[in-house]
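Residues per chain are reported as follows:
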Amino acid sequence: MANPVPSACCVVLAAVVVVYAQRHSQQDSHIQYERVGADVTMKCGSMDWDAAVTWTANGTDIDDSHLNGSYLILKNVDLTQSGQYSCYEGSSWHLKYQTYLRVGVPPKEPVLMCRSNNYPKGFYCSWHLPSPTYIPNSFNISVIHGTREMVCEKDIFPKNRCHIRYLQLFSTVKYKVTLTVTNALGKNSTTLTFDEFAIVKPDPPESVVAKPVPNNPRRLEVSWQNPSSWPDPESFPLKFFLRYRPLILDQWQHVELSDGTSHTITDAYAGKEYIIQVAAKDNDIGTWSDWSVAVHATPWTEEPKHLTTEVQITETTSTSTSSFMPPPTTKICDKGVGVGSGAVAVCWTAGLVLAAYGVLFI
C-alpha cells in the first residue's frame, strides 16, 4: 500500500504554487496616476463593497484600518506611496484587481530657449521643466514663421532639443515657437516670439592658449580659434572680447578686438599668474557668447643667476712666546778674594740688587 504522506505533501506544495501564481498574476492590471496630497480610493475590481478582500502594497499586506468595505482608502498620498497595489478575494487569494499607483504633480510652465550658434544655417530650441513631476511627460513644439509652420527635427541626444533650418535669410518676419508639456495630471505651455537676428549667439572660442613673451616681463601672448560650430567666418566674421586678471586681484581688465584671433597683453604684472578668457560675437548681430574655458599663464621672468664665489680664508697664526731669560751670573766677588770689610759689604749689596731685579721679571 502506498504511503499517503508524500502524496499529501505534494498536494500542499501544489496549492502553495497555485496561490503564489495567482498573487503574482497580471489580471486586470493598469497604471493609476494621482496627485501629491490627494485622497485615493481603489475598488477591488468587480467585487462587492462588503466582500472579504485582502490588499497588498508591493507584496506587503495592508492593515485593515485603510479599508472601507472592500475599498482601499489612502489619505493625503505622497511620493513614497507609489507602487503596485493588489486585491485578493477572501482567504482563497484569487487576484481580483491590480494597479500600479504613480504619485506626482502636474507640470509647471516649461523653460524654453532658442539660439542660433551656426548662423546662417539655422537655429535650435531646447527646453526643460523648472521642477520634476515624478511621472512621465510628453513635449510638443511648434515653430511658425509668418503663416508657415516649420519642421523642428528632434535630436536623439539631448532629447529635449530640436533644430530648425532657415528657409529665408535676413527676414524681418518674426518666429513664433510654442512648447506644450503634458502628463496624466495636467498640461502647461510657453511661447517665444523673436527676430532672426536676436537669437544669434556663437559658441565660445576654442583652443585658447596664453604664453609668456621671452625677455618681456610684462607681456603675455594670447591666441584662440573660431568656434568650430560657426560655419562661415569669412562671410560672417566674428569679433572677440578678451578679459584677464592676476589671481591676486578680483577686478578684470577687458579688450575688445574687431579682427584677428590673437592679442598681446602689455600691462601684466611681472611674475604674477594670470587667468584669461575670450568671448565671441557676430560683427553686426546677436549677442556675445559665453566665456571660453579659462587658461592660466605667468609673464616671463629672468632666470636667477647662481654665482659661485670661492672665498679662501687664509688663517695667519702668530705665536709669540715671551720667556724670561735670567741674566748671566755676574761674578762680583770671588771666594777667597777679600778687600777688607768694605769689600764684603759691597759684594753683598751687589748680590741683593741682582736678586731683586730677577724677582721683577718672574
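Let us look at the structure shown here.

What follows is about the sheet that holds strand E6 (residues 71-74). Read across the open sheet, the three strands follow the order E2-E6-E5; overall the sheet is antiparallel. The strands lining the two open edges of the sheet, one partner per strand, are strand E2 (40-42) and strand E5 (67-68). Bridge count for E5 against E6 is two bridges, and the pairing is antiparallel. Note on E6: the bridge partner recorded for Leu-67 is Leu-72.

What the three strands build is an open sheet, ordered E17-E18-E21; its pairing is antiparallel. The open sheet has two free edges, formed respectively by strand E17 (206-213) and strand E21 (262-265), since each of these has just one partner strand. The sheet shows a mean angle of 15° between the axes of neighbouring strands, taken without regard to direction. Here E17 pairs with strand E18 (residues 216-225) via six bridges, running antiparallel. Bridge assignment links Val-213 to a residue of E18, and that residue is Asn-216.

The gaps left among the atoms become clear once a water-sized probe is rolled over them. The calculated volume of the largest pocket comes to roughly 230 Å³. Lining the largest pocket are 13 residues, and of these Val-151, Glu-153, His-163, Ile-164 and Arg-165 lie nearest its centre. Contributions of two or more residues to the lining of the largest pocket are made by strand E10 (122-128), strand E12 (148-150) and strand E14 (161-165). Among the residues forming the lining of the largest pocket, the class breakdown is five nonpolar, three polar and five charged.

Next up on the list: the pattern of salt bridges. Any two side chains of opposite charge can pair, on the condition that their charged atoms come close. Tallying each qualifying case throughout the model produces six salt bridges. Among the ionic pairs, Arg-161 bridges to Asp-155, the shortest N-O distance being 2.9 Å. Ionic pairing is found between Asp-290 and Lys-201, a salt bridge with its closest N-O pair at 3.1 Å. Of this pair, Asp-290 sits in the loop between strand E22 (274-282) and strand E23 (295-297) while Lys-201 is found in the loop between strand E16 (186-194) and E17, placing the two residues 89 residues apart along the sequence. Among the residues examined, Lys-201 registers a relative accessible area of 22% and is labelled partly exposed.

Counted by the stated rule, this structure contains three disulfides. Between the sulfur atoms of Cys-44 and its disulfide mate Cys-87 the distance is 1.8 Å. Residues Cys-44 and Cys-87 share a disulfide whose torsion about the S-S bond is about -100°; that sign makes it left-handed. With Cys-44 in the loop between E2 and strand E3 (53-57) and Cys-87 in strand E7 (residues 83-89), this residue pair connects regions lying 43 residues apart in the sequence. Under the relative-accessibility criterion, Cys-44 is labelled buried at 1%. Residue classification places Cys-87 among the buried positions, given a relative accessible area of 0%. The disulfide partner of Cys-114 is Cys-125, and the gap between their sulfur atoms is 2.1 Å. Handedness here is read from the sign of the S-S torsion; for Cys-114 and Cys-125, about 105°, the answer is right-handed. With Cys-114 in strand E9 (residues 111-115) and Cys-125 in strand E10, the pair connects residues that are eleven residues apart, well separated along the chain. A relative accessible area of 10% means that Cys-114 is categorised as buried. By relative accessible area, Cys-125 is classed as buried at 0%.

Turning our attention to the packing of aromatic side chains. Going through the model one piece at a time under the given rule, you end up with 14 aromatic pairs. Ring centres of Phe-123 and Phe-194 lie 5.7 Å apart, and the angle between their planes is 90°; on these two criteria the pair is classed as edge-to-face. Of this pair, Phe-123 sits in strand E10 while Phe-194 sits in strand E16; the two residues are 71 residues apart in sequence, bridging distant segments of the chain. Overall, Phe-123 belongs to the buried group, its relative accessible area being 1%. A relative accessible area of 8% means that Phe-194 is categorised as buried. Measuring from centroid to centroid gives 6.1 Å for Tyr-166 and Tyr-175, while their planes differ by 65°, and the two rings are edge-to-face. Take Tyr-166: its relative accessible area is 10%, and that puts it in the buried class.

Structurally, the position occupied by Asn-215 is in the loop between E17 and E18. A C-alpha to C-alpha distance of 9.4 Å links Asn-215 and Pro-299, two positions 84 residues apart in sequence.

Cis peptide bonds are those with omega within 30 degrees of zero, and the linkage from Tyr-119 to Pro-120 qualifies with 15°. Position of Pro-120 among the secondary structure elements: in the loop between E9 and E10. Following Phe-157, the chain continues to Pro-158 via a peptide bond in cis, the omega torsion being -5°. As for its placement among the helices and strands, Pro-158 is situated in the loop between strand E13 (153-154) and E14. Non-glycine residue Asn-76 carries a positive phi angle of around 50°. Turning to its location among the elements, Asn-76 is positioned in the loop between E6 and E7. We classify Asn-76 as exposed; its relative accessible area is 52%.

How each quantity is defined
Residues numbered from 1 in each chain as written. Predicted model: local features only at pLDDT ≥ 70, side-chain atom pairs only at ≥ 80, totals over all residues. Heavy atoms only, no water. Pairing = 2+ DSSP bridges. Helix = DSSP H or I, 4+ residues; strand = E, 2+ residues; numbered from the N terminus. Axes fitted to C-alpha atoms, helices over the stretch in contact; angles between N-to-C directions. 1 Å grid on protein atoms, 1.4 Å probe; cavity = no way out; pocket = protein on both sides within 12 Å on 5 of 7 lines; lining within 4 Å. Points joined across faces, edges and corners; volume = space filled by probe spheres on them. Nonpolar A, V, L, I, M, F, W, Y, C, P; charged D, E, K, R; others polar. Salt bridge = Lys/Arg side-chain N within 4 Å of Asp/Glu carboxyl O. Buried < 20%, exposed > 50% of the residue type's maximum accessible area, 1.4 Å probe, protein only. Disulfide = S-S within 2.5 Å. Phe/Tyr/Trp six-rings, centres within 6.5 Å; stacked < 30°, edge-to-face > 60°.

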